[in-house]
Amino acid sequence: ARILQVSSKVKSPWYSASPFSSSVPTVKLFIDGKFVESKSDKWIDIHNPATNEVIGRVPQATKAEMDAAIVSCKRAFPAWADTSILSRQQVLLRYQQLIKENLKEIAKLITLEQGKTLADAEGDVFRGLQVVEHACSVTSLMMGETMPSITKDMDLYSYRLPLGVCAGIAPFNFPAMIPLWMFPMAMVCGNTFLMKPSERVPGATILLAKLLQDSGAPDGTLNIIHGQHEAVNFICDHPDIKAISFVGSNQAGEYIFERGSRHGKRVQANMGAKNHGVVMPDANKENTLNQLVGAAFGAAGQRCMALSTAILVGEARKWLPELVERAKNLRVNAGDQPGADLGPLITPQAKERVCNLIDSGTKEGASILLDGRKIKVKGYENGNFVGPTIISNVKPNMTCYKEEIFGPVLVVLETETLDEAIQIVNNNPYGNGTAIFTTNGATARKYAHLVDVGQVGVNVPIPVPLPMFSFTGSRSSFRGDTNFYGKQGIQFYTQLKTITSQWKEEDATLSSPAVVMPT
Ligand code: NAD
């Protein structure tokens with residue numbers, strides 16, 4: 001009943017009572033403009049991470065359903081690509097308005113399925129909304145180039161054109177933002193899109209599809225399938241899919257990059273991370289400790305840009321006890337409870353993995369200064385909660401340093417100098433994000449220039465670029481050559497056609513065949 005109350009404004013096509021015997025609601029597929037019940041015999045339970053109650057079931061789409069989705073995307077493409085750019089822009093302008101009007105409803109659904117706090121879930125929708133707003137600038141973003149009079153009577157110009165059918169595969173941790181990095185950008189360029197949301201949090205994508213339909217997107221321009229490996233393989237292999245956008249773990253990302261590329265597709269894959277916050281002793285202590293705690297433990301550390309590793313340089317190591325005090329004060333609770341700072345992890349398996357990584361720290365000689373493993377949340381005893389955890393005396397060869405923990409765990413290293421800190425960060429294989437905290441401009445500049453990480457914050461703990469720029473994680477955090485959103489996103493979803501055109505006056509006709517290469 002809680003689920004069906006989620007939205008007061010839009011009707012709920014994403015869940016409805018199951019046609020099967022149980023009363024567990026099912027998530028629909030979105031095929032050719034209709035929210036349809038899957039005929040699959042393979043279903044996955046969706047749990048509320050704060051209680052582990054089953055709140056719904058999502059199908060693993062059948063081959064016939066996935067085929068129908070592609071046929072629909074393919075059929076819709078020519079007319080959508082041919083729709084004037086101003087009309088496509090109008091759809092997105094209406095869409096950003098509808099997302100704003102329904103932001104709180106989408107956020108409630110995210111909290112229910114994913115567990116993050118309501119305020120954080122609103123941020124999830126908001127950051128995706130900003131990409132939709134930026135996509136509304138398509139009329140200038142998609143412009144080609146021109147060069148008149150390259151020789152007598154001859155002009156050269158290029159168009160940016162859509163690719164055809166594109167596809168997206170999303171992770172569980174940002175149920176709204178990450179799908180919104182994908183299909184609005186692709187579709188505004190004139191592509192049609194096949195989306196596969198994370199099977200753990202499919203609801204927000206279905207609600208976003210309903211809002212897009214209400215904004216005037218024609219049937220077939222967006223189709224949604226659900227599932228796991230079979231759906232992923234289908235996307236990687238299908239000859240009608242021209243490009244794949246993936247966000248998620250390295251294990252899945254490397255696989256999808258290679259399998260998709262082997263089938264001749266463009267693939268962009270944003271993957272895992274280990275983000276370091278370097279704390280200089282001259283930093284503003286109050287701000288730095290608050291920012292570090294917020295960025296390490298917010299969203300229970302389940303962000304690819306979580307600041308999960310602190311490097312305290314020189315005298316900054318003395319701030320450790322205060323860091324622990326601040327982390328201790330965070331309130332762990334179900335995401336819909338007032339005052340919650342962080343919610344549960346996504347699954348019991350995720351909790352177990354995080355606890356094992358904390359154990360490995362103890363076994364390998366680190367010290368646990370704050371231990372969240374035994375936390376009990378009143379009224380939510382079955383939830384997947386781990387409280388804020390701080391591990392100090394960590395060395396780069398320890399498992400808790402090498403692995404992406406993806407939980408509310410901050411590992412702390414210490415160095416004497418900035419140079420040593422830079423060396424540690426550059427030796428780590430990931431290059432998603434990093435931050436330096438300092439009041440010295442020269443120190444900040446040196447760090448920003450020498451660190452080999454794609455997104456750098458100076459006194460900014462989570463430097464995710466706004467959508468007029470692109471999300472530029474590097475090294476092991478990214479495979480591909482064109483990033484998500486911004487100008488790079490437009491490039492990813494378009495191809496160039498270059499036209500060389502000659503219009504001579506009638507009396508300037510060629511008198512004989514031009515057999516020599518034109519120069
Ligand atoms: P995940 O890789 O388990 O799942 C992502 C998607 O891939 C899902 O749709 C899933 O169905 C599919 N998938 C899962 N395992 C697969 C496999 N073995 N083969 C093929 N497909 C598979 O990731 P997740 O747990 O949902 O998300 C967390 C991960 O995503 C973290 O590593 C995090 O750092 C990363 N992430 C990265 C960014 C970024 O922009 N760099 C953003 C968010 C999350």
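Report on the accompanying structure.

Quick notes on the rules
- Per-chain numbering applies: the sequence of each chain, read as written, is numbered from 1 onward.
- Owing to the predicted nature of the model, reporting of local features is limited to residues with pLDDT of at least 70; listing and counting of side-chain atom pairs is limited to 80 or more, with chain, interface and lining totals taken over all residues.
- Side-chain measures were taken over the full set of non-hydrogen atoms in the model, leaving aside hydrogen atoms and water.
- Take the buried residues of types Ala, Val, Leu, Ile, Met, Phe, Trp, Tyr and Cys, join any two whose side-chain atoms come within 4.5 Å, and each joined set is a nonpolar core.
- Relative accessible area decides the class of each residue, using a 1.4 Å probe on protein chains only: under 20% of the type maximum gives buried, over 50% gives exposed, and in between gives partly exposed.
- The salt bridge criterion pairs a side-chain nitrogen of Lys or Arg with a carboxyl oxygen of Asp or Glu, the two atoms within 4 Å.
- Counting from the N terminus, the helices are the DSSP runs of H or I reaching at least four residues and the strands are the DSSP runs of E reaching at least two.
- Working definition: a disulfide is two cysteine sulfur atoms within 2.5 Å of each other.
- What a helix is expected to span follows from its residue count: subtract one and scale by 1.5 Å.
- Residues are treated as being in contact if the distance between any of their heavy atoms lies within 4.5 Å.
- Pairs were defined over the aromatic rings of Phe, Tyr and Trp, the Trp ring being its six-membered one, requiring ring centres within 6.5 Å. Orientation was assigned from the angle between planes: stacked under 30 degrees, edge-to-face over 60, tilted for the rest.
- The rule is short: NZ of Lys or CZ of Arg within 6 Å of the ring centre and within 35 degrees of the ring normal puts a charge over the ring.
- Here, strands pair whenever DSSP counts at least two bridges between them.
- What makes a patch is a set of residues exposed beyond 30% relative accessible area and free of salt bridges, joined within 9 Å when like-charged and within 5 Å when nonpolar (Val, Leu, Ile, Met, Phe, Trp, Tyr).
- Here the Shrake-Rupley method, with its probe set to 1.4 Å, supplies the accessible areas, and only the displayed protein chains count as covering residues.
- Only a single heavy atom is needed: when it lies within 4 Å of a molecule or strand, its residue is near that molecule or strand.
- Think of a polar contact as two N or O atoms within 3.5 Å of one another; within protein, one of them needs to be a possible hydrogen donor and the other a possible acceptor, and neighboring residues in sequence only count if both atoms come from side chains.

**Some points on the nonpolar core**
Across soluble globular proteins, you tend to see nonpolar side chains buried next to one another. Counting 69 residues, the largest nonpolar core has Ile 99, Ile 106, Trp 181, Phe 183, Phe 193 and Leu 222 as its most contacted members. By size, the runner-up hydrophobic cluster in this structure holds 64 residues, among which are Val 293, Leu 323, Leu 342 and Cys 355.

**Considering the pattern of salt bridges**
Inspection of the entire model under this criterion finds 29 salt bridges. Close ionic contact of Arg 326 with Glu 322 constitutes a salt bridge, the shortest N to O distance being 3.4 Å. One end of the pair is Arg 326 and the other is Glu 322, both in helix 11 (residues 320-328) and four residues apart, which spans about a single turn. Among the residues examined, Glu 322 registers a relative accessible area of 31% and is labelled partly exposed. In this structure, Lys 446 engages Asp 419 in a salt bridge whose closest nitrogen and oxygen atoms are separated by 2.8 Å. Of this pair, Lys 446 sits in helix 15 (residues 441-450) while Asp 419 sits in helix 14 (residues 418-427), and the two are 27 residues apart along the sequence. Here Lys 446 falls in the partly exposed class, since its relative accessible area comes to 33%.

**Description of the state of the cysteines**
If you walk through the whole model with that rule in mind, you get zero disulfides. No disulfide involves Cys 400; its sulfur sits 14 Å from the nearest other cysteine sulfur, which is in Cys 355. Of the residues examined, Cys 400 reaches a relative accessible area of 0% and is grouped as buried.

**Considerations on helix 12 (residues 348-363)**
End to end, helix 12 covers 22 Å across 16 residues, agreeing with the expected 22 Å (1.5 Å per residue, within 8%). Taken together, the buried positions of helix 12 are occupied by Ala 350, Val 354, Cys 355, Leu 357, Ile 358, Ser 360 and Gly 361. At its buried positions, helix 12 is contacted by strand 16 (367-370), strand 17 (389-392), helix 13 (399-402) and strand 18 (409-415). After helix 12 finishes, the residue Gly 365 shows a positive phi value of roughly 100°.

**Thoughts on the packing of aromatic side chains**
One pass over the full model with this rule turns up nine aromatic pairs. Of the aromatic side chains, those joined through ring pairs into one cluster are Trp 181, Phe 471, Phe 484 and Tyr 485. Seen from the ring of Trp 43, Arg 57 lies directly overhead, with NZ or CZ sitting 5.0 Å from the centre. If you follow Lys 116 out to its NZ or CZ, it ends over the ring of Phe 174, 4.0 Å from the centre.

**Thoughts on the pairing of strand 8 (residues 154-162)**
Pairing of strand 7 (residues 146-151) with strand 8, which is carried by three bridges, proceeds in the antiparallel orientation. From the neighbouring strand, Met 147 faces strand 8, where its bridge partner is Leu 156. Here strand 7 hands over to strand 8 after two residues, with Asp 153 in that stretch at a positive phi of 65°.

**Structural notes on a nonpolar patch on the surface**
On the surface, a cluster of nonpolar side chains totalling about 320 Å² of accessible area is made up of Leu 466, Met 468 and Phe 469. Inspection of the secondary structure assignment puts Met 468 in the loop between strand 21 (456-458) and strand 22 (474-475). Met 468 gets classed as partly exposed once you look at its relative accessible area, which sits at 46%.

**Notes on the site of the ligand**
In the neighbourhood of the ligand, 27 residues make up the surrounding shell, with Ala 170, Glu 199, Ser 249, Met 271 and Glu 404 lying closest. Here Ala 170 contributes a backbone N or O atom positioned 2.8 Å from an oxygen atom of the ligand. At a separation of 3.3 Å, a nitrogen atom of the ligand approaches a polar side-chain atom of His 229. Protein coverage of the free-state accessible area of the ligand, which is 830 Å², stands at 91%.

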